[in-house]
Amino acid sequence: MSDVPPLCSMHTYLQWKLSVESHSLAYAAKATTKDILFAVDIPFPLLRAWYNLVVLKKPFQTSCTCDPKKIGINLPSNFPQFTYIELFEFAIPGNSFGLTHDQVVRSEINNSLRVMAAKVYVEYGKNRGRKRQQLDLKAKRFHIFDGQTISIKQLEEENTLIHGEMQKWKERNSNLESEMRKLYYEMGRALEEKDEKIEKLETKNKKLKQYIELLEKSEKMEHQGKDISETKKKSRTLKKCLSRAETALWFARSFGLELKSVNVKEINSGIAHNLMMENNVTGSTENTGFDALSEDDKAKVEKVLFLLDKFCVGDAFCHEITMLVDGLPKSYLIKQRRSQLDKMYHITSTPGEDHGAQLPFKELLQNRIKEYLITHPNAAKKQ
């Protein structure tokens, strides 16, 4: 009961300490069931104060020097409810002993203290003046029996138990702190990785956006002629559209797919067209054109095509030369071979504002490996 609050700075009656004395021989002779350990002298004013607190719910102090009007006032409703045994424990000098936690025994002690306090209160009611002052000097002797106190062994066990629980609590808190730091570190790492991924994706998206914008602005991909509904020779326009569609859909090969046909519809007229790829048309170029030439003629066509690319001259120049010089390959064969070579490699413009060309390394490497395996069939078997 060390947490019992004083009612005012001058109320010191709860701080009066009991006096531990040897037990009375006359009382010990009457006690036949239990052994008396020692006795405690309780001053009359303290017993009277206990009665006022527990029964009358009023603070009272005979020697209080505070405002007389405040003496005997009712306690506030939220003031804690005390028992006699709790007030008794609060007054034990130096915590020299402790009472048992057994509720039955504590109830017996509390009842004995209640009877003693009631008798003292009645004594104060009967006397006035000098006789009442003489009561302030008296004390009641309260005997403590065997079994009513806590043994030293029990206190040691409780102390050991409390110490063990405190150690476990500290260990749990230590683990919790370590786990908290670990989780905080992992959370920080996850946030950093997320930021890095977002930054990489933003950079990649920016490059793709620039590449798409470049493709949209490319004159090679944009049709500069009339609308197909306004042209007379639609086959030529459709063929040109098919060629550019094949170029735009070059990525289909990366999925292991091959473009066979394209279904389109005219916007203005609503006429639908099914465009078949050249390599899928029966008898289109398989046995005619460039593929039907001899090896020498094929080499001659490729040499002319190389010169055209080297000196950056167009098909019109090649056509004029073939009209003047006999023995040169026809211009349509050169165009056909160029178309075949363009289908073998997908060359695109580099992203960004600077002009340039790029060739996918992965696709180029795959083609080289395929060509090598075709020319060296035994190489795969050795592996």
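Calculation criteria
Residues numbered from 1 in each chain as written. Predicted model: local features only at pLDDT ≥ 70, side-chain atom pairs only at ≥ 80, totals over all residues. Heavy atoms only, no water. Helix = DSSP H or I, 4+ residues; strand = E, 2+ residues; numbered from the N terminus. Buried < 20%, exposed > 50% of the residue type's maximum accessible area, 1.4 Å probe, protein only. Contact = heavy atoms within 4.5 Å. Areas by Shrake-Rupley, 256 points an atom, 1.4 Å probe, with all protein chains shown as cover. Pairing = 2+ DSSP bridges. Phe/Tyr/Trp six-rings, centres within 6.5 Å; stacked < 30°, edge-to-face > 60°. Lys NZ or Arg CZ within 6 Å of the ring centre and 35° of its normal. pLDDT = per-residue confidence, 0-100. Salt bridge = Lys/Arg side-chain N within 4 Å of Asp/Glu carboxyl O. Core = buried A, V, L, I, M, F, W, Y, C linked by side-chain atoms within 4.5 Å. Patch = residues over 30% accessible without salt bridge, like charges linked within 9 Å, V, L, I, M, F, W, Y side chains within 5 Å. Lys, Arg positive; Asp, Glu negative; His and termini not counted. Charge placed at Lys NZ, Arg CZ, Asp CG, Glu CD. Expected span 1.5 Å × (residues − 1).

## Notes on the overall build of the protein
Check the secondary structure of the protein and you find 12 helices and seven strands. The buried share of the protein, reckoned over its 383 residues, is 24%. The contacts in the protein between residues at least 6 apart in sequence include a share of 62% that link residues at least 24 apart. Here the protein has roughly 28,300 Å² of accessible surface; of this, 55% comes from carbon and sulfur atoms.

## Topic: the pairing of strand β4 (residues 261-265)
Looking at chain direction, β4 and strand β5 (residues 272-276) are connected through five bridges and run antiparallel. When the bridges of β5 are listed, V262 appears paired with L275. Counting the residues between successive antiparallel strands, the hairpin from β4 to β5 contains six residues, one of them, G270, with a positive phi of roughly 80°.

## Focus: unusual backbone geometry
Leaving glycine aside, a negative phi is the common case for residues, and trans is the common case for peptide bonds. Its identity is not glycine, yet C312 carries a phi of approximately 55°, on the positive side. Looking at the secondary structure, you find C312 in the loop between α8 (295-310) and α9 (315-324).

## Focus: the packing of aromatic side chains
Pairs of aromatic rings are described using the distance from one ring centre to the other and the angle between the two planes. With the rule as written, the count across this model stands at three aromatic pairs. Taking 6.4 Å as the distance between ring centres and 75° as the angle between the ring planes, the aromatic pair formed by W50 and F88 counts as edge-to-face. Taken together, the residues span a long stretch of sequence, with W50 in helix α2 (residues 44-56) and F88 in helix α3 (residues 84-90) at a distance of 38 residues. Here the two residues W50 and F88 agree in accessibility, since each one is buried. A network of ring pairs unites the aromatic residues W50, F88 and F142 as a single cluster. Over the ring of Y124 we find R48; its NZ or CZ atom is 4.5 Å from the centre of that ring.

## Comments concerning the confidence of the model for the protein
Across the protein, the average pLDDT comes to 75, with 77% of residues at or above 70. Mean pLDDT values over the elements of the protein span from 55, in helix α1 (residues 25-30), up to 90, in helix α4 (residues 103-126). In the model, residues 61-75 has pLDDT below 50 throughout and makes 27 contacts with residues more than four positions away in sequence or in other chains. Predicted confidence for residues 280-287 stays below pLDDT 50, and this span has eight contacts to residues more than four positions away or in other chains.

## What to know about the pattern of salt bridges
By the definition in use, this model includes six salt bridges. With a shortest N-O distance of 2.9 Å, R189 and E192 are connected by a salt bridge. Residue R189 and its partner E192 are both found in helix α6 (residues 152-217); the two are separated by three residues, about one turn of the helix. A residue is classified by how much of its surface remains accessible, and E192, at 42% relative accessible area, is partly exposed. By sharing partners, the salt bridges in this structure join R189, E192 and E193 into a single network.

## Looking at the nonpolar core
Among the nonpolar cores identified, the biggest contains 30 residues, and V40, I42, W50, F88, L113 and F142 are the most heavily contacted of them. Elements represented by at least two residues in this core include exactly β2 (36-43), α2, α3, α4 and β3 (139-145). Filtering out sequence-adjacent residues up to four positions away, I42 remains in contact with L18, L47, W50, F88, L113, M116, A139, K140 and F142.

## Remarks on a positive patch on the surface
Together, K233, R236, K240 and K335 make up a positively charged patch on the protein surface. With respect to the helices, strands and loops of the structure, R236 is situated in helix α7 (residues 234-248). R236 sits in the exposed class, given a relative accessible area of 69%.

## Comments concerning α4
Helix length check: α4 (24 residues) gives 35 Å between terminal C-alpha atoms against 34 Å at 1.5 Å per residue, within 8%. For α4, the complete set of buried residues consists of V105, R106, I109, N110, L113, M116, A117, V120 and Y124. Elements that come into contact with the buried residues of α4 comprise β2, α2, α3, α5 (130-135) and β3.

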